[in-house]
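Here is how the chains run, residue by residue.
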Amino acid sequence: TVKEMSGEEIDGTHVLVDALVNQGVEYMFGVVGIPVIEVAVAAQQAGIKYVGMRNEQAACYAAQAIGYLTGKPGVCLVVSGPGLLHTIGGLANAQSNCWPVLVIGGSSDEDQEGMGAFQECPQVQSCSLYCKYSARPPRIDTIPYHVAKAMKCAMYGRPGASYLDLPGSTLSGRVEESTVVQFPRCPPLPVSLASPDLVSEAATLLAGAQRPLVVVGKGAAYGRAEEEVYRLVEKTGLPFLPTPMGKGVLPDDHPQCIAPARSRALLEADVDACAEEFHNSVTGSVALLGDLKMVCGQLEKAVPGSLFPSHSPWWSRLKEKAQANIQISTKLAEDTSLPLNYYTVFHHLQQLLPSDCIIVSEGANTMDIGRTLLLNKYPRHRLDAGTFGTMGVGLGYAIASALWARDHAPGKRIVCVEGDSAFGFSGMEMETIYRYKLPIIVIIVNNNGIYAGLDERMFEEIQEGMDATIATPPTSLLPNVHYERITAVFNDTGYYCKSIPELQEAVNQALREKHKPSLINVMINPMAQRKTQDFDWLTRSKL
Ligand code: TPP
């Protein structure tokens with residue numbers, strides 16, 4: 001632990017770091033400056049793993065991904081004013097995903113408040129909209145209390161974000177060490193069962209349902225309920241549909257996984273189980289509130305076995321649609337003509353990637369089509385734009401995943417599949433990845449634009465003799481950008497692929513290089529599209 005500073009005194013920085021260690025914080029991500037440099041240094045000295053990032057937003061994404069993977073918040077450490085404001089997107093994303101995170105912001109000295117202090121900003125108020133708990137410890141000796149409370153708020157109930165504001169004067173101020181009382185580590189989350197009457201009611205409802213569906217969300221992954229969900233699904237024979245990050249709670253290739261008929265299943269289902277929110281869009285008949293592990297166990301005991309044998313009409317209807325959809329994407333995937341399309345690229349990536357890799361993904365088409373073709377076998381092995389649909393999360397999530405894998409699952413690979421626009425939001429984190437030698441494979445699916453772009457010839461024609469700001473489509477990015485050459489500034493070589501054999505060689509080589517990052521730039525047809533969707537109601541605005 002941390003030593004006292006001089007004689008009987010200790011400064012606010014070390015009280016803070018002691019409290020973080022005491023609460024079991026393992027990872028800290030941040031961008032340092034006044035007044036938090038000393039916090040990062042003291043944290044490292046105390047054994048907290050510190051990762052210096054290039055932007056606070058990405059640092060906040062990384063810290064919350066650690067929260068998702070471990071159940072314990074990662075810390076994001078930032079400076080006052082703009083540093084803190086850059087984390088707001090991250091805080092909102094964590095709240096939306098229900099992932100625990102603790103942001104710690106330095107702030108201007110208290111005795112200068114209201115006098116135009118350096119980077120002065122109403123930080124506690126700014127964060128309070130996007131946090132479960134946002135506070136400034138009023139005195140050094142109260143820091144441990146507020147750290148304990150911030151950690152508890154991030155983890156208990158519905159997980160989310162906490163913010164603690166530490167003025168420079170508090171961090172550098174000193175108190176007698178004997179006046180500081182450390183708070184005990186936050187006990188594990190209390191869990192509850194659902195009401196037994198409601199469980200029986202739900203079991204009866206399920207037994208009488210015509211078109212039931214289990215929706216497996218990322219809450220099941222976060223709550224480590226994989227075994228209980230598995231037993232419930234296996235016993236009942238119910239079809240299940242994973243949400244994007246619920247993929248892998250049960251393996252995607254499980255015979256009851258109905259993801260290929262996702263739209264039909266959602267459209268026609270009459271009973272949902274394991275839904276995260278009650279009565280939000282449709283008033284549910286029975287709502288079971290409790291810890292998912294416990295409630296699935298209760299429900300499994302209450303329902304009869306083999307409720308939905310595979311020859312029931314509902315199963316036949318879902319399977320027929322799943323078969324048809326698989327056929328369409330297989331046909332698209334077989335088309336290896338150049339330039340490549342999304343389906344061909346993802347079909348081959350699926351063949352090449354190890355089944356236990358963590359897949360991080362963002363983009364629009366890249367993420368949506370990738371989700372259907374890149375299969376997950378294990379829980380918490382897919383991290384993507386999530387509930388809030390946030391672009392820019394990918395590299396931060398990949399960095400957190402790589403650290404987690406290094407410490408808890410050595411040898412596991414992290415593959416970050418990015419749209420070219422999505423990559424741009426946090427692209428400079430490639431330097432972070434190289435600095436910490438994280439063996440992440442970043443694959444950019446490059447279509448020269450947001451959703452779709454233009455080829456070089458069309459782009460030149462459109463801009464010719466025109467004001468570029470009037471002529472260039474807002475969805476366009478510069479065609480044929482060699483993103484792989486970014487690696488040259490880190491003294492490395494990336495991969496530029498236009499065909500499947502080139503992609504295969506690049507991915508295989510990147511997988512062989514187990515101790516270094518790789519960046520693969522795959523060019524696809526700028527006009528490549530998703531297959532047409534039967535039901536637009538899933539994406540259509542209700543207003
Ligand atoms: N800004 C943020 C922070 N989040 C967003 N979701 C958007 C903007 C709007 N948006 C949605 S997807 C996307 C953008 C900018 C990028 C899509 O392009 P790309 O990543 O290249 O993937 P593609 O669809 O081309 O495969």
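Above this note sits the structure.
About the thresholds
Residues numbered from 1 in each chain as written. Predicted model: local features only at pLDDT ≥ 70, side-chain atom pairs only at ≥ 80, totals over all residues. Heavy atoms only, no water. Buried < 20%, exposed > 50% of the residue type's maximum accessible area, 1.4 Å probe, protein only. Helix = DSSP H or I, 4+ residues; strand = E, 2+ residues; numbered from the N terminus. Pairing = 2+ DSSP bridges. Near = heavy atom within 4 Å. Polar contact = N/O pair within 3.5 Å; in protein donor to acceptor, adjacent residues only side chain to side chain. Areas by Shrake-Rupley, 256 points an atom, 1.4 Å probe, with all protein chains shown as cover. 1 Å grid on protein atoms, 1.4 Å probe; cavity = no way out; pocket = protein on both sides within 12 Å on 5 of 7 lines; lining within 4 Å. Sits in = over half its atoms within 2 Å of the grid points. Axes fitted to C-alpha atoms, helices over the stretch in contact; angles between N-to-C directions. Contact = heavy atoms within 4.5 Å. Core = buried A, V, L, I, M, F, W, Y, C linked by side-chain atoms within 4.5 Å. Phe/Tyr/Trp six-rings, centres within 6.5 Å; stacked < 30°, edge-to-face > 60°. Lys NZ or Arg CZ within 6 Å of the ring centre and 35° of its normal. Points joined across faces, edges and corners; volume = space filled by probe spheres on them. Nonpolar A, V, L, I, M, F, W, Y, C, P; charged D, E, K, R; others polar. Salt bridge = Lys/Arg side-chain N within 4 Å of Asp/Glu carboxyl O. Left-handed = near helix turned anticlockwise from the far one by under 90°.

Q: Sorry, what's going on with the pairing of strand 9 (residues 212-216) here?
A: Looking down a regular strand, the side chains alternate between one sheet face and the other. Within strand 9, 5 of the 5 residues are buried, leaving the element largely enclosed by the surrounding structure. In strand 9, alternate side chains face the same way, and those of Pro 212, Val 214 and Val 216 on one face and Leu 213 and Val 215 on the other are all buried. Relative to strand 10 (residues 240-242), strand 9 is paired through 3 bridges, and the arrangement is parallel. In the strand pairing of strand 10, Val 214 is matched with Phe 240.

Q: Just to check I follow, could you spell out the site of the ligand for this structure?
A: Around the ligand lies a shell of 16 residues, among which Tyr 342, Asn 365, Thr 366, Gly 389 and Asp 420 are the nearest. Contact distances for the ligand include 2.5 Å between an oxygen atom and a side-chain N or O atom of Thr 366. Measuring from an oxygen atom of the ligand, one finds a side-chain N or O atom of Asn 447 at 3.1 Å. Coverage of the ligand by the protein amounts to 77% of the 580 Å² it exposes when considered alone. Of the pockets mapped on this structure, the ligand occupies the second largest pocket. Elements supplying a minimum of two residues to the shell around the ligand: helix 16 (365-373) and helix 18 (420-425). At 4 residues, the largest contribution of residues to the shell around the ligand is made by helix 18.

Q: Please clarify how unusual backbone geometry should be interpreted in this entry.
A: Of all residues except glycine, most have a negative phi; of all peptide bonds, most are trans. In this model, Ile 34 is joined to Pro 35 through a cis peptide bond whose omega is 5 degrees. Positionally, Pro 35 belongs in the loop between strand 2 (27-30) and helix 2 (37-45). Positive phi, close to 60 degrees, is recorded for Cys 98, a residue that is not glycine. Given the relative accessible area of 12%, Cys 98 is considered buried. We note that Asn 491 has phi near 60 degrees; this positive angle belongs to a residue other than glycine. By the secondary structure assignment, Asn 491 is in the loop between helix 21 (468-471) and strand 16 (495-497).

Q: I'm lost on the sheet that holds strand 3 (residues 49-52) in this one. Help?
A: What holds strands together in a sheet is hydrogen bonding between their backbones, with the strands either parallel or antiparallel. Taking strand neighbours across the sheet as the criterion, the 6 strands line up as 3-2-4-5-7-6 in an open arrangement whose pairing is parallel. One side of each edge strand has no neighbouring strand; the edge strands of this open sheet are strand 3 and strand 6 (133-135). In this sheet, neighbouring strand axes are inclined to one another by 20 degrees on average, regardless of whether the strands run parallel or antiparallel. Across the face of the sheet, helix 3 (residues 56-70) comes into contact with strand 2, strand 4 (74-78) and strand 5 (101-107) while running at roughly 165 degrees to strand 4. Here helix 7 (residues 143-155) sits on the sheet and contacts strand 5, strand 6 and strand 7 (161-167); the angle it forms with strand 7, its principal contact strand, is near 160 degrees.

Q: Looking at this structure, how should I read the nonpolar core?
A: Generally speaking, soluble globular proteins have nonpolar side chains that are buried together. One finds Phe 29, Val 229, Ile 258, Leu 383, Met 430, Ile 440 and Val 442 to be the most contacted residues of the largest nonpolar core, which totals 93 residues. Ranked by the residues each element gives to this core, the list is headed by helix 3, at 10 residues. Contact partners of Ile 258, with chain neighbours within four places excluded, come to Leu 213, Pro 239, Phe 240, Leu 241, Ala 265, Trp 315, Leu 318, Lys 319 and Ala 322. Formed by 35 residues, the second largest nonpolar core is a distinct cluster that contains Leu 20, Ile 104, Ala 135 and Val 180.

Q: Would you explain the packing of aromatic side chains in this entry?
A: Two aromatic rings, taken as a pair, are described by how far apart their centres are and by the angle between their planes. The full count for this structure, using the stated rule, is 6 aromatic pairs. Considering the side-chain rings of Trp 99 and Tyr 397, the 5.3 Å spacing of their centres and the 45 degrees angle between planes classify their relative orientation as tilted. Of this pair, Trp 99 sits in the loop between helix 5 (88-97) and strand 5 while Tyr 397 is found in helix 17 (residues 394-408), placing the two residues 298 residues apart along the sequence. No difference in accessibility class separates Trp 99 from Tyr 397, as the two residues are buried. An aromatic cluster is built from Tyr 61, Tyr 68, Trp 99 and Tyr 397, whose rings are joined through pairwise contacts. One residue, Lys 319, lies across the ring of Trp 315, its end atom 5.2 Å from the ring centre.

Q: How do you make sense of the sheet that holds strand 13 (residues 382-384) when you look at a structure like this?
A: Spatially, 13-12-14-15-17-16 is the arrangement adopted by the 6 strands of the open sheet, whose pairing is parallel. For this open sheet the edge positions go to strand 13 and strand 16, each flanked by a neighbour on one side alone. Neighbour to neighbour, the strand axes of the sheet diverge by 15 degrees on average, direction disregarded. Running at roughly 155 degrees to strand 16, helix 22 (residues 500-512) makes contact with strand 15 (440-446), strand 16 and strand 17 (518-523) of the sheet.

Q: Would you take a moment to explain the layout of surface pockets for this structure?
A: Over the atoms, a rolled probe matching the size of one water molecule traces out where space is still vacant. Of the voids in this model, the second largest pocket is the one considered here, and its volume is about 300 Å³. Around the second largest pocket, the lining is made up of 19 residues, and of these Gly 363, Ala 364, Asn 365, Ile 450 and Tyr 451 lie nearest the centre. For the lining of the second largest pocket, the elements supplying multiple residues, two or more each, are helix 16 and helix 18. Classifying every residue of the lining of the second largest pocket gives 9 nonpolar, 7 polar and 3 charged.

Q: Could you clarify how one ought to interpret the pattern of salt bridges in this entry?
A: Enumeration according to the criterion identifies 23 salt bridges in this entry. Close ionic contact of Glu 26 with Lys 72 constitutes a salt bridge, the shortest N to O distance being 3.7 Å. A residue pair is termed long-range when its members are at least 10 positions apart, and Glu 26 in the loop between helix 1 (12-22) and strand 2 and Lys 72 in the loop between helix 3 and strand 4 qualify at 46 residues. A relative accessible area of 31% places Glu 26 in the partly exposed class. Across the pair Glu 268 and Arg 317 runs a salt bridge whose closest N-O atoms are separated by 2.6 Å. Of this pair, Glu 268 sits in helix 12 (residues 262-268) while Arg 317 sits in helix 14 (residues 313-334), and the two are 49 residues apart along the sequence. According to the relative accessible area criterion, Arg 317 is partly exposed, its value standing at 33%. Connected through shared salt-bridge partners, Glu 110, Glu 113, Arg 136 and Asp 165 make up one network.

Q: How do you make sense of helix 16 when you look at a structure like this?
A: Working note: α-helix, 3.6 residues per turn, so residues spaced by three or four point in the same direction. Buried residues dominate helix 16, accounting for 8 of its 9 residues. Here helix 16 has its buried residues at Asn 365, Thr 366, Met 367, Asp 368, Ile 369, Gly 370, Arg 371 and Leu 373.

Q: Help me understand the packing of helix 1 against helix 7, please; the structure alone is not making it clear to me.
A: How two helices sit against one another is set out by the angle between their axes and by the gap between those axes. Closest axis-to-axis distance for the helix 1/helix 7 pair is 9 Å, and the angle between their directions is 35 degrees. Regarding helix 1 and helix 7, the two cross each other, and that crossing is right-handed. Contacts from Gly 12, Val 15, Leu 16, Ala 19 and Leu 20 of helix 1 reach helix 7 at Ile 143, Pro 144 and Val 147. For the contact of helix 1 with helix 7, the per-class residue count stands at 7 nonpolar, 1 polar and no charged.

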